[in-house]
Structure formats: structure tokens, C-alpha cells
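Here are the chains, one letter per residue:
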Amino acid sequence: MNKAKEIAEKATMQSFLNCYLRETGNYEWENSGDVKMLRIALVRQHVIIHVPVNYWSLTGRHLFDFPMTFQSEGSEGSNTLDYVTMTTLLVKEWLIGNGQEWSEDELVLRVLLSCRKMKDYVAARYEDRHKLMEEDFTYIEAEQSLLFGHLLHPTPKSKQGLTDVEDREYSPEYKGSFQLHYFSVNPELVEEDSSLGRTASACIFEDVKGKDGAEPLVEEWNKGRVLLPMHPLQVPVVLKDPEVQRYLASGNVTHLGPAGAGFTATSSFRTLYSEASRFMYKFSVPVKITNSLRANQPKELARGVEVSRLLDTELGEQLSHHHPNFHMMKDPAAINIPLSKEPSGFEVSLRENPFYPDNEQVTLIAGLVQDHAYGGTSRLSAIIHSLAEKEGRAVEEVSMEWFDQYLSISLDPILWLHHTYGIALEAHQQNSVVRLENGYPSAFYYRDNQGYYFSRSKADHLMELLPSLNSKSDTICEDEVADERLRYYFFFNHLFGLINGFGVSRLADEEKLMDLLRKRLMNHHPSLFVQTLLEESTLPCKANLLTRLYDMDELVGPMEAQSVYTAVENPLAVKVGVVHER
């Protein structure tokens, strides 16, 4: 596709600039007649950037027009701004002002890699462009529709550690299908846990037996061996490990190769899905995606099983009773071969597949609000317009009802969990899945064995329900940390992102949606958490650009210091401006 490069570069500039504006506040409006124009003064470099604004959002995710231009102070002429120049100018301005060296080279490299990947994905999916945002879809079609990725991230599609050939085979954007590799392992080497009535290894065997090429696996199982699946990308890494090589030489571990059903990547890349499997498998892979090397940490495996056990107690019963349309997808089993280094690379988490066999009209929220790469409408827009036409109602009226129904199956149960049990969920757009019925939200699913925070003030109650709580999972944290994570991931990233999706598609006025959210919050049990959302003019928000500039890996380290947070305007508390659009 001829325009793939241009599409990718504009998307890169838009996401990077939105991050910069949110995290620095370095801009002002300038008078340019009928055109809404931003003026960004890079005073330390004596450069001014001019940005035409197509849509200005309450949520901080704006749409810009092109070309953007830049000029030296005092000069009459200006030059067209490209994404490489913009990135280097904005990063340099921050570096000069802070007087020290950070990971600017790594950041710029990831911006370049992200843009290149985006270009390749846009070109590859051109023939698929109409299907990408249709109102009818399956779970995996939605998962593999994110050609731009996180719309408020400076490097949303950067991947380091895999070749272009591997990218085409294993990335969700290319829709590749492949078999898992299996190892036969002496059970004495295996560490496994399960909240189910059978072991993790038994679940794996039951899932693969009878599938294509599984005969050698069945033979190994019948000999008393354990079968351990692995992502194909991880296999060469573990086979080079000296400790693993000793196990291979002794026969304690045998690499059996690929077998079983075809799997394909979900939006998370390393969590794999098959229509033929009752489980999804989450693996370690030797790939650095956006912020982090994607390795399963042992505490995350423990956390997934721990939460599954917790959901089997009174907590799960009460959740189902009060909020029957809200579901937490369990990661009920995990298996690993512990080595002297951690993580070992063998870690596998099993996630229940609630979309087996019914996978129709199920989508992650990010798939609803993703900008159409080829200039069409978003999937959310297609759904709302179809409903409005069928019902003979105004688009905004349908949008308000849709959003109100969505809050009932997402906001209400998430705040109930937080207030009742002190559990905060990392419910961002990619971790949040909704099933639609006749176009409207009918059921919500939360997924992520990493994204649970147990508030210390209510941890004793959770320990009464599950005495082994936190023994391996490192999930209890200070209340302030849990509140901060819930505020950012569910409100700033998720609900504000959904409101933005309605706004940029001109489906509804953002302020009306924000007012609806305010009213819903006011009806909840009064708490300091809700009070800060309604009253504080600024709140801490994750700074994706600064987190990248510091080269922080968000999957390692203490949970209170995994990323950078900065104060941003809170659109729930105050009207921070009007929506400017052409």
C-alpha cells in the first residue's frame, strides 16, 4: 500500500505529541483565523512548533491535522515537521531542561521501530481494511485489529528481539497461526499449582491429546512424564541455557517439537488463543514490547492461581450475586521448571477461555476505540450508527444509553470490589473485554494475572478468606498505590479513553458523557477514592513518555516504582475547556 508510510508516520506523531502535551503542559493556543492552532515553544532550542488541531478532547487525546511545521525564533519561514525531527526536538528540550542524560537514544530507537512496524502492519492488512472495523466480529478478530496500538503511548508498536520473518509468523497484527512446542519433563523437576480439581500438567495433557501430532506426547505422558508447552520463540533461548543443556543430556528434559492445535496471538502477543482450546496460554518470550521484556515472573504465576482461589471463596459468590454480568477471567493453573536463574523461561500460565465455543461479538475495549488506519470509522462508530438506524433514534441518544449500560457492568462492580474488599484492578483498555448483545454491552470480562492490587487496610479480611494470601504473589500494597493504579488504569486509560472514542468519532459530546460518569460516581458509596475523583483538579497519571525516557521496565521492581506518574488535569472535577473541532 503506497500510503502506509504516511499513515504510520502521522499516527506516530499524533500519539507521541499527545503524550508530550499531557506530561509537560508545554503549549498555548495561537490565533490563526479559522484554524485552531497550538504553539509549542521549545525555549531552550529557540524553536517553535505549530500544530493544527482537528479535535481537542477533555481527556487529553487530541486529533491533529497535517502538516505540522516548525521554525527558528525570529525567522519568517517555516519547515514541515516530520516524525523523526519532532521526536528529537521534543526529547532534546526535555533533556536540556533537566540537565542530565537519560535513555534518549533508546527512546528514539523505539519510536523509529514502532513507526516502521506500524507501516508494515498497515500495508499488510490493507485488503482486510473493511473487516477491521465492522460491527460484526469474533473475539480473535477484535484482538488482532490494533494496528496502531495504545493511542497514548510514544512507542506503541515497538518490538525488539524478533526478526521481520518472526514478526509475520507470531504477531497478532499478521494473524499468524502456529503450533506450540512441547517438552517432556521428569516430574521431579516441575513446580506447578492449580486451583482446579486437577493439576496444571493434567490440564495441558487433556487439552493437547487427540490433536494433530499429539501421539508422541501421549506416549511420554503414559510413561509418567510431564508435558510442558512453550512459545516457539522461547525454545532457542532455553535450549542454549547450560543448566537446561545438562537436563537434556541426562534425559530429564526432552524437546519434542511442535504439536497440537494451531494457536494465534491475542493483543498481548504472548498470550495465545485457539478456538479449539479451553485454555489460553501465557508464555515468556524473548521480546521487548513497548516498555518491557515479556517474561512471566514467578510471582505473577502465583498471583493468577491465588486470585482464582480467592474467587472460589465468599468473595466470588458475593461478586456473582451483586454483579452477575461482571467476570474475572481466571488464571487457575501454572507450571514451571525452576532453574538457578529467575525467571527460567519455562513459566506458563493457563487462562480460562470463556469464549469457547461462543466467541461472537466479544471485544477488548481498545478494539472499539482504535482509530481506523485507512480513514474509515472506528468499530464503536459502526456499532452506534447501526443501532441508531435500526432504532430510529439520534446517534448521541444511543451513545449515552450505550455508555450508561456499560458503566453498570464495569464501573459499578469495579468500585464495589475496591470498596468492599480493597481490590484494585489494572483494568485498562486491553485488559477489559466486553460481550455485546444486540449491539449493547451485556457482560464484562477482566483479564490479567499481573494487574491485581490488594489494599493493605483490607488485607486481613482477604487473609481470612484465603490464609495463604500473598505468600508468593507480592500483591498486598499500600492503599495509596492501589488507589493510584485504579485511578489511572480504569479511569484515565479506560473510561476516559472510551469517552474519547465517542468524542473523536462525533458520536456524542464528551462533556455529556463525563457528566453521566460524574453522576454515576456520586451515587456510589462515599469514599476518599471517589471524593478525589470528583473534587481534585489534578490527579497522578501514568506518564508513558517519561517512563520510556527513563527506560523503566514496568514488569519488574517494586509495584510502587514500576513507572513514572505525573499530575494532569482531572476532567471529572472541573471543566478544563471545551471541545474544539472543525
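Here the structure is a predicted model, which is why all the values come from computation and not from measurement. (Residues numbered from 1 in each chain as written. Predicted model: local features only at pLDDT ≥ 70, side-chain atom pairs only at ≥ 80, totals over all residues. Heavy atoms only, no water.)

Trainee: Talk me through the sheet that holds strand S9 (residues 191–194); I want residue IDs and the actual numbers.
Mentor: A sheet is described by the order of its strands in space; here 8 strands give the open sequence S9-S17-S18-S13-S12-S11-S8-S10, paired in antiparallel fashion. Each edge of the open sheet is held by one strand with a lone partner, namely S9 and strand S10 (226–230). Ignoring which end each strand starts from, the neighbouring axes of this sheet average 30° apart. Against the sheet, helix H11 (residues 298–311) contacts S9, strand S17 (333–336) and strand S18 (348–352), and its axis sits at roughly 155° relative to S17. (Pairing = 2+ DSSP bridges. Helix = DSSP H or I, 4+ residues; strand = E, 2+ residues; numbered from the N terminus. Axes fitted to C-alpha atoms, helices over the stretch in contact; angles between N-to-C directions. Contact = heavy atoms within 4.5 Å.)

Trainee: I'd like a description of the pairing of strand S11 (residues 253–265), backed by residues and values.
Mentor: Here strand S8 (residues 177–185) runs beside S11; their pairing, made up of 9 bridges, is antiparallel. Each bridged residue has a counterpart across the sheet, and for Gln-179 the counterpart in S11 is Gly-262. In the sheet, S11 pairs with strand S12 (residues 271–273) via 2 bridges, with the strands oriented antiparallel. If you follow Thr-264 over to S12, its bridge partner there is Tyr-273.

Trainee: Residue-level account of the pattern of salt bridges, with values.
Mentor: Scanning the entire structure with this criterion turns up 39 salt bridges. Across the pair Arg-435 and Asp-358 runs a salt bridge whose closest N-O atoms are separated by 3.3 Å. Of the two residues, Arg-435 sits in strand S21 (residues 432–437) while Asp-358 sits in the loop between S18 and strand S19 (362–364), which places them 77 residues apart along the sequence. A relative accessible area of 13% means that Arg-435 is categorised as buried. According to the relative accessible area criterion, Asp-358 is partly exposed, its value standing at 43%. Notably, a salt bridge pairs Glu-484 with Arg-485, separated by 2.5 Å at the nearest N-O pair. Taking the relative accessible area as the measure of exposure, Glu-484 reaches 17% and is therefore buried. When its relative accessible area of 2% is taken as the criterion, Arg-485 is described as buried. Through salt bridges with shared partners, one network takes in Arg-116, Lys-117, Lys-157, Lys-159, Asp-164, Asp-167 and Glu-173. (Salt bridge = Lys/Arg side-chain N within 4 Å of Asp/Glu carboxyl O. Buried < 20%, exposed > 50% of the residue type's maximum accessible area, 1.4 Å probe, protein only.)

Trainee: Describe the domain arrangement of the protein chain, naming the residues involved and giving the relevant values.
Mentor: What the domain assignment lists for the protein chain is domain 1 (1–124), domain 2 (176–352) and domain 3 (362–540). The centre of domain 2, based on its C-alpha atoms, is set 29 Å off from the matching centre of domain 3. Contacts between the two partners involve 29 residues from domain 2, matched on the other side by 34 residues from domain 3. Summed over both sides, the interface of domain 2 with domain 3 buries roughly 2900 Å², with 61% coming from carbon and sulfur. Looking at the side of domain 2 facing domain 3, the largest losses of area belong to Arg-303, Glu-306 and Phe-326, adding up to 22% of the total buried there. The tally of links between domain 2 and domain 3 comes to 2 salt bridges. One salt bridge connects Lys-282 with Asp-448, and the closest N-O pair in it is separated by 3.9 Å. (Domains from an automatic or database assignment. Buried area = accessible area lost by both parts, 1.4 Å probe.)

Trainee: With reference to specific residues and values, describe the UniProt feature "domain: Aerobactin siderophore biosynthesis IucA/IucC N-terminal" (unreviewed entry) in the protein chain.
Mentor: Annotation from UniProt places "domain: Aerobactin siderophore biosynthesis IucA/IucC N-terminal" (unreviewed entry) at residues 138–370. Summarising residues 138–370: 30% helix, 26% strand, and an end-to-end C-alpha distance of 16 Å. (UniProt positions renumbered as here; feature names shortened; annotations may be inferred.)

Trainee: I'd love a proper account of the layout of surface pockets, names of residues and values included.
Mentor: By volume, the largest pocket amounts to about 720 Å³. For the largest pocket, the lining is made up of 33 residues, of which Gln-14, Phe-148, Asp-371, His-372 and Gly-375 are closest to its centre. Elements with a contribution of two residues or more to the lining of the largest pocket: helix H1 (4–24), strand S4 (63–64), helix H13 (365–369), helix H14 (379–391) and helix H18 (479–504). Per-element tally for the lining of the largest pocket: the top contributor is H1, with 6 residues. (1 Å grid on protein atoms, 1.4 Å probe; cavity = no way out; pocket = protein on both sides within 12 Å on 5 of 7 lines; lining within 4 Å. Points joined across faces, edges and corners; volume = space filled by probe spheres on them.)

Trainee: Go over the state of the cysteines, please, and point to the residues and values.
Mentor: Simply put, the disulfide is a covalent bond whose two ends are the sulfur atoms of two cysteines. In total, this model carries 0 disulfides according to the counting rule given. Considering cysteine sulfurs only, Cys-19 is the nearest to Cys-541, which forms no disulfide, with 9.5 Å between them. Looking at Cys-541, the relative accessible area reads 0%, which means it is buried. (Disulfide = S-S within 2.5 Å.)

Trainee: Which residues make up empty space enclosed by the protein, and what values do they have?
Mentor: What the rule picks out here adds up to 3 cavities of 30 Å³ or more. Of the pockets and cavities examined, the second largest cavity occupies roughly 70 Å³. Lining the second largest cavity are Tyr-20, Glu-23, Thr-24, Leu-90, Val-91, Trp-94, Leu-107, Leu-545, Leu-546 and Leu-549. Elements that contribute at least two residues to the lining of the second largest cavity include exactly H1, helix H2 (83–98) and helix H21 (544–549). Class assignment for the residues of the lining of the second largest cavity results in 8 nonpolar, 1 polar and 1 charged. (Nonpolar A, V, L, I, M, F, W, Y, C, P; charged D, E, K, R; others polar.)

Trainee: Give me the lowdown on unusual backbone geometry, citing residues and values where you can.
Mentor: With an omega of 5°, the peptide bond running from Phe-66 to Pro-67 counts as cis. Take Pro-67: it is sitting in the loop between S4 and strand S5 (69–72). The backbone of Gln-361 shows a phi angle near 55°, a positive value even though the residue is not glycine. Turning to its location among the elements, Gln-361 is positioned in the loop between S18 and S19. Its identity as a non-glycine residue notwithstanding, Asp-474 has a phi of 55°, on the positive side. With relative accessibility at 36%, the residue Asp-474 sits in the partly exposed group.

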